[in-house]
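# Structural overview for review
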Amino acid sequence: IRSGLGLISTLIVARFMGPTALGTITYLFGLVGLLAIVSDLGFSVAHLKRASEPTADLGACIGTFLTVKGGLCLVLLLVILGAPSVSKALGRPVVEGVEQTLAYYLIALVPLLNNLSQVALYTFEARQESARQSVATFLGGAATAIARIMVAVLGLGLVALSLAYSMEAVVIFVAALLLFRGYPLGRPRRETWIRYSQYAMPVLATTILSTISLNLNPVMIERLGNVTEVGYYGSCLLYTSPSPRDS
């Protein structure tokens, strides 16, 4: 259902707002996705493995994972804030104009909020409580699909469309936080951090390469062409990737 709603809403966005708007969103998701290469570093896999063990101290696991994710969020925030200025100084700005810049910062909320939501979502998965995970992601998908359709039909513009896309991360974050009540939250432990690092290191390269492969294409197309061409590229992927952030 969630994928179907995403497909329908993206088709409507493409129909009512055209390839340039869709291409800009797709490009910005790709750009932010590449910047978010620092947002996980394999620690989600480590938490999934460690928190699922019957003998694990769940409170310490959650506390350690939350600390790691919080630290990585701060790094990602600095990268997101610095990217426009650094690229402009180098003579090839990654965003241009007030409208695209505002859209960039709205889209940047997605990896930041998703990074924090993963503390709850991966804990749900580790404890085999997939229903909670499914509820949060379904609510987020439904909310953003409805918002995208409304923005496209009303012709509210790129900034409003970016806000509609980022709404998924906002709803998932709030829902995951509410569903996470009652879980223990302990102090981070040095030994737990060491175990997490040991689990994360073997999958670090795979995590980085996966992030690059998912997000590189729209950025390269925009750098070598323009956002309209990215829009046509995104339109070709509608039936395989209903949302630009998945392309």
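Structure report, in brief. Everything quoted here is computed from the prediction, not taken from an experiment.

Another point: the overall build of the protein. Along the backbone of the protein there are eight helices and zero strands. Start at the N end of the protein and walk to the C end: the helices and strands fall as α-α-α-α-α-α-α-α. For the protein, whose C-alpha radius of gyration is 19 Å, the value lies close to the compact-globule estimate of 18 Å for 247 residues. Counting only C-alpha atoms, the protein reaches 55 × 40 × 25 Å along its principal axes. Burial statistics for the protein: of 247 residues in total, 47% are counted as buried. Across the protein, every contact between residues at least 6 apart in sequence was considered, and the portion connecting residues at least 24 apart equals 85%. Accessible surface, the protein: about 12000 Å² in total, of which carbon and sulfur atoms supply 67%. The positive charge centre, built from 17 side chains, and the negative charge centre, built from 12, are 6 Å apart in the protein.

On the surface, Phe16, Ile146, Met150, Val153, Leu154 and Leu156 cluster together into a nonpolar patch covering about 630 Å² of accessible area. Residue contributions to the nonpolar patch peak at four residues, all from helix H5 (residues 130-154). Along the chain, the position of Leu156 falls in the loop between H5 and helix H6 (158-179). You can call Leu156 exposed: its relative accessible area is 51%.

Of all the bends in helix H7 (residues 190-224), the greatest, near 50°, is centred on Val203. Taken residue by residue, H7 has Thr192, Tyr196, Ser197, Ala200, Thr207, Thr211, Asn215, Pro218, Val219 and Glu222 as its buried positions.

Volume-wise, the second largest pocket comes out at about 180 Å³. Around the second largest pocket, the lining residues are Ile62, Leu66, Leu116, Ser117, Val119, Ala120, Phe173, Ala176, Leu177, Phe180, Tyr183 and Leu185. Elements with a minimum of two residues in the lining of the second largest pocket: helix H3 (58-89), helix H4 (97-126) and H6. In terms of residue count, H4 provides more of the lining of the second largest pocket than any other element does, four residues in total.

The next point concerns H4. Spacing of three or four residues puts side chains on the same side of an α-helix, whose turn is 3.6 residues. Given a rise of 1.5 Å per residue, 30 residues ought to cover 44 Å, and the 43 Å separating the end C-alpha atoms of H4 matches this to within 8%. A positive backbone phi angle near 60° is found at Gln128, which sits one or two residues after H4.

This model, assessed by the stated rule, comprises seven aromatic pairs. Centre to centre, the rings of Phe43 and Trp193 are 5.5 Å apart; their planes meet at 15°, and the pair counts as stacked. Residue Phe43 is found in helix H2 (residues 43-51), and its partner Trp193 is found in helix H7; the two are separated by 150 residues along the sequence. Phe43 gets classed as buried once you look at its relative accessible area, which sits at 10%. Judged by its relative accessible area of 41%, Trp193 is partly exposed. Ring-pair connections join several aromatic residues into one group, and the members of that group are Phe124, Phe180 and Tyr183. Sitting over the face of the ring of Phe16, Arg15 holds its NZ or CZ atom 5.9 Å from the ring centroid.

The subject of this paragraph is the nonpolar core. Within the largest apolar cluster, 36 residues are counted, with the highest numbers of intra-cluster contacts made by Tyr27, Tyr104, Leu161 and Tyr165. Mapped by element, the contributors of at least two residues to this core are helix H1 (2-35), H3, H4, H5, H6 and helix H8 (227-236). If you tally residues by element for this core, the top one is H1, at 12 residues. Once you skip the residues sitting within four places of it in the chain, Tyr27 turns out to touch Val94, Pro218, Val219, Glu222, Arg223, Val227 and Val230.

Before going further, it helps to examine the packing of H1 against H7. Interaxial distance between H1 and H7 falls to 8 Å at its minimum, and their mutual angle equals 130°. In terms of axis orientation, H1 runs oblique to H7. Helix-helix and strand crossings are classified by hand; for H1 and H7 the assignment is left-handed. Facing Thr26, Tyr27, Phe29, Gly30, Leu31, Gly33 and Leu34 of H1, the residues of H7 in contact are Thr211, Ile212, Asn215, Leu216, Pro218, Val219, Glu222 and Arg223. A breakdown of the residues in the contact of H1 with H7 according to their chemical character gives eight nonpolar, five polar and two charged.

Cut-offs and rules
Residues numbered from 1 in each chain as written. Predicted model: local features only at pLDDT ≥ 70, side-chain atom pairs only at ≥ 80, totals over all residues. Heavy atoms only, no water. Helix = DSSP H or I, 4+ residues; strand = E, 2+ residues; numbered from the N terminus. Rg over C-alpha atoms; globule rule 2.2 N^0.38 Å. Buried < 20%, exposed > 50% of the residue type's maximum accessible area, 1.4 Å probe, protein only. Contact = heavy atoms within 4.5 Å. Areas by Shrake-Rupley, 256 points an atom, 1.4 Å probe, with all protein chains shown as cover. Lys, Arg positive; Asp, Glu negative; His and termini not counted. Charge placed at Lys NZ, Arg CZ, Asp CG, Glu CD. Patch = residues over 30% accessible without salt bridge, like charges linked within 9 Å, V, L, I, M, F, W, Y side chains within 5 Å. Salt bridge = Lys/Arg side-chain N within 4 Å of Asp/Glu carboxyl O. Bend = angle between axes of the 7 residues up to and from the residue. 1 Å grid on protein atoms, 1.4 Å probe; cavity = no way out; pocket = protein on both sides within 12 Å on 5 of 7 lines; lining within 4 Å. Points joined across faces, edges and corners; volume = space filled by probe spheres on them. Expected span 1.5 Å × (residues − 1). Phe/Tyr/Trp six-rings, centres within 6.5 Å; stacked < 30°, edge-to-face > 60°. Lys NZ or Arg CZ within 6 Å of the ring centre and 35° of its normal. Core = buried A, V, L, I, M, F, W, Y, C linked by side-chain atoms within 4.5 Å. Axes fitted to C-alpha atoms, helices over the stretch in contact; angles between N-to-C directions. Parallel < 35°, antiparallel > 145°, perpendicular 65-115°, else oblique. Left-handed = near helix turned anticlockwise from the far one by under 90°. Nonpolar A, V, L, I, M, F, W, Y, C, P; charged D, E, K, R; others polar.

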